[in-house]
Amino acid sequence: MNYIKFFIFLLFCSIYFGCSRTKPKDKIIDTINVSESNLIQIDLSESNPTKDEAGNFLLMDSYIRLSDEELISSIERILIEDERIYIFDGSDKIVCFDMSGNVLFSIKNKGKGPKEYVEISDFALDKTNDRVVILDNGKRKLIFYDSNSGDFLSETSYFYNYYSRALAIVDGKFYFSNPDKDTHGKVDEKEYYLLFSETGNTIDNQFLLHDAISEFNFRMENGHPFFYNGDKMLYNRAFDGTVYELMPDGIEPIYEINLPNQLPISEIESKIQHHDLVRSNYSFGISDIFEGDSILHINYSKNMMIASVFYDIKHHKLLYNGFRVLGTPRKDMPFYYLIRGVYKNKFYSIIPADMVVSTIQKSKGVISKDLMNISDDDNPIIAFYKIVRKIK
């Protein structure tokens with residue numbers, strides 16, 4: 001079901017073509033803290049994704065059933081920090097649950113007045129200052145809420161004539177994603193993929209000068225370039241194999257991932273059409289980059305499907321690269337969905353209620369009794385997975 005939705009979504013994506021480039025300001029520093037000895041090479045070029053199951057190295061360790069007190073229409077983004085689950089619902093609200101699935105608070109202040117937002121374009125957690133931060137492109141503002149209560153704290157305007165798709169916060173500092181090349185005049189700060197801000201309302205540094213990829217970005221509304229990994233924040237550009245760690249004083253490349261038959265830069269420069277790309281045999285679109293218990297997880301696209309990778313970083317061994325992690329439900333692995341994050345070294349995914357219902361109907365005896373009364377319209381559950389077998 002997810003593969004079909006992904007393919008349909010890509011077919012309706014539009015490609016953005018930029019046409020202008022201005023000389024960067026002299027004061028802008030494009031500094032990258034590069035240490036080649038720390039750059040881990042992950043070569044998947046000789047490993048075509050399989051359609052076999054992943055095997056028994058992964059099992060479902062636990063799950064959380066989210067209360068129906070505050071119904072979720074669609075999960076745009078989920079972050080789990082400090083025993084709290086923060087969900088950005090597509091109906092423009094943030095809902096916070098505890099680790100038992102109970103609703104703690106919700107932020108739903110949509111409107112045009114004071115203390116309100118026009119839209120939630122993205123949100124991030126400022127762990128340094130205990131804040132939930134909403135990025136509102138409608139008002140060009142950052143709006144701050146208490147992460148323990150959901151109470152409004154303050155707001156600040158950010159850069160005018162600028163549209164950010166995603167936000168990340170590292171040690172109280174702000175990173176804004178800026179994937180598209182500017183086409184609206186000479187605005188120097190729009191020449192870089194990453195904009196850094198000390199306070200959120202000024203541009204204090206920039207990283208990764210725009211290139212051919214910036215003229216060739218699918219508008220993937222659900223795609224996100226920032227990935228929370230405990231105390232480590234990772235970043236990846238579309239169609240790029242390099243994964244960076246974001247820090248308060250710069251960025252550093254830590255992984256270099258080579259996919260099987262990876263989309264070459266020459267195809268990007270020639271602006272391959274999106275329908276030709278998704279039907280091609282190229283691999284592209286690294287996402288969901290999470291590290292738990294020395295295992296790196298990524299997803300990527302190939303042959304109109306999403307492939308999942310589990311890679312043992314410590315032993316430099318590939319555990320799995322394939323399209324179907326789980327085929328037959330079993331007691332220690334009743335269901336699996338695409339990984340959405342990592343928390344305390346355990347990967348987690350969002351299991352729709354209708355998938356739980358379907359598993360109950362098709363696979364008797366593998367679902368816990370406390371899930372037997374779930375219905376299609378209930379909130380999803382969060383499933384946590386752990387690695388139980390590694391290559392030695």
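Residues numbered from 1 in each chain as written. Predicted model: local features only at pLDDT ≥ 70, side-chain atom pairs only at ≥ 80, totals over all residues. Heavy atoms only, no water.

1. Topic: the overall build of the protein
Link 1 in the chain: When helices and strands are tallied, the protein shows 4 helices and 27 strands.
Link 2 in the chain: Of all intrachain contacts in the protein linking residues separated by at least 6 positions in sequence, the fraction that spans at least 24 positions is 58%.
Link 3 in the chain: Summed over all atoms, the accessible surface of the protein reaches about 17,400 Å², with 47% contributed by carbon and sulfur. (Helix = DSSP H or I, 4+ residues; strand = E, 2+ residues; numbered from the N terminus. Contact = heavy atoms within 4.5 Å. Areas by Shrake-Rupley, 256 points an atom, 1.4 Å probe, with all protein chains shown as cover.)

2. Looking at empty space enclosed by the protein
Link 1 in the chain: Under the defined criterion, the tally for this structure stands at 2 cavities of 30 Å³ or more.
Link 2 in the chain: A volume near 60 Å³ is recorded for the largest cavity.
Link 3 in the chain: F239, D240, G241, L259, Q262, L263, S283, F284, G285 and I286 together form the lining of the largest cavity.
Link 4 in the chain: A breakdown of the residues in the lining of the largest cavity according to their chemical character gives 5 nonpolar, 4 polar and 1 charged. (1 Å grid on protein atoms, 1.4 Å probe; cavity = no way out; pocket = protein on both sides within 12 Å on 5 of 7 lines; lining within 4 Å. Points joined across faces, edges and corners; volume = space filled by probe spheres on them. Nonpolar A, V, L, I, M, F, W, Y, C, P; charged D, E, K, R; others polar.)

3. What about the sheet that holds strand β26 (residues 346–351)?
Link 1 in the chain: Taken together, the 4 strands give an open sheet; going across it, the order is β3-β27-β26-β25, and neighbouring strands pair in antiparallel fashion. At either margin of the open sheet sits one strand with a lone partner, and together these are β3 (58–65) and β25 (339–343). Strand-to-strand, the axes of this sheet are offset by a mean angle of 30°, without reference to chain direction.
Link 2 in the chain: Pairing geometry for β3 and strand β27 (residues 381–387), over 7 bridges, is antiparallel. Bridge assignment links L59 to a residue of β27, and that residue is K386. (Pairing = 2+ DSSP bridges. Axes fitted to C-alpha atoms, helices over the stretch in contact; angles between N-to-C directions.)

4. Focus: the pattern of salt bridges
Link 1 in the chain: For the coordinates displayed, the defined rule picks out 18 salt bridges.
Link 2 in the chain: The residue D126 makes a salt bridge to R131 at a minimum N-O spacing of 2.8 Å.
Link 3 in the chain: Across the pair D231 and K127 runs a salt bridge, and its minimum N-O distance is 3.6 Å. Taken as a pair, D231 in the loop between β17 (226–229) and β18 (232–236) and K127 in the loop between β8 (122–126) and β9 (131–136) lie far apart in primary sequence, 104 residues in all.
Link 4 in the chain: Judged by relative accessible area, K127 falls into the partly exposed class, the value being 34%.
Link 5 in the chain: Connected through shared salt-bridge partners, E70, D89, K93 and K108 make up one network. (Salt bridge = Lys/Arg side-chain N within 4 Å of Asp/Glu carboxyl O. Buried < 20%, exposed > 50% of the residue type's maximum accessible area, 1.4 Å probe, protein only.)

5. Considerations on the sheet that holds strand β10 (residues 141–146)
Link 1 in the chain: Ordered in space as β8-β9-β10-β11, the 4 strands form an open sheet in which the pairing is antiparallel. Strands at the two margins of the open sheet, each flanked by one partner only, are β8 and β11 (152–157). Within the sheet, the average angular offset between the axes of one strand and its neighbour, ignoring direction, is 20°.
Link 2 in the chain: Judged from the 6 bridges that link them, β9 and β10 form a sheet pairing that is antiparallel. Bridged to I134 within β10 is I143.

6. Quick word on unusual backbone geometry
Link 1 in the chain: Here N303, not a glycine, exhibits a phi torsion of approximately 55°, which is positive.
Link 2 in the chain: Within the secondary structure layout, N303 lies in the loop between β22 (295–302) and β23 (305–312).
Link 3 in the chain: Judged by relative accessible area, which is 33%, N303 ranks as partly exposed.
Link 4 in the chain: Although it is not a glycine, N345 adopts a positive phi angle of roughly 70°.
Link 5 in the chain: Take N345: it is sitting in the loop between β25 and β26.

7. Digging into the packing of aromatic side chains
Link 1 in the chain: Enumeration over the complete set of coordinates arrives at 15 aromatic pairs.
Link 2 in the chain: Ring geometry for Y145 versus F152: centroids 6.0 Å apart, planes at 80°, classification edge-to-face.
Link 3 in the chain: The structure contains a cluster of three or more aromatic residues connected by ring pairs, namely F57, F310 and F347.
Link 4 in the chain: One Lys or Arg, R237, reaches over the ring of Y193 and ends 4.6 Å from the middle of that ring. (Phe/Tyr/Trp six-rings, centres within 6.5 Å; stacked < 30°, edge-to-face > 60°. Lys NZ or Arg CZ within 6 Å of the ring centre and 35° of its normal.)

8. Examining the nonpolar core
Link 1 in the chain: Core analysis: the biggest nonpolar cluster contains 54 residues, and F123, I134, Y175, L194, F226 and L246 have the highest contact counts within it.
Link 2 in the chain: With residues up to four places along the chain from it excluded, the contact list for L246 reads V170, Y175, L194, F226, M233, Y235 and I251.
Link 3 in the chain: Formed by 51 residues, the second largest nonpolar core is a distinct cluster that contains L44, L234, V243 and I254. (Core = buried A, V, L, I, M, F, W, Y, C linked by side-chain atoms within 4.5 Å.)

9. Details of the confidence of the model for the protein
Detailed reading of the predicted coordinates is not advisable wherever pLDDT falls low.
Link 1 in the chain: A residue-level look at the protein finds 85% of positions with pLDDT of 70 or above and a mean pLDDT of 86.
Link 2 in the chain: Residue range residues 1–31 is modelled with pLDDT below 50. Its contacts to residues more than four positions away, or to other chains, number 80 contacts.
Link 3 in the chain: Across residues 183–187, confidence stays below pLDDT 50; counting only partners more than four residues off in sequence or on other chains, it has 10 contacts. (pLDDT = per-residue confidence, 0-100.)

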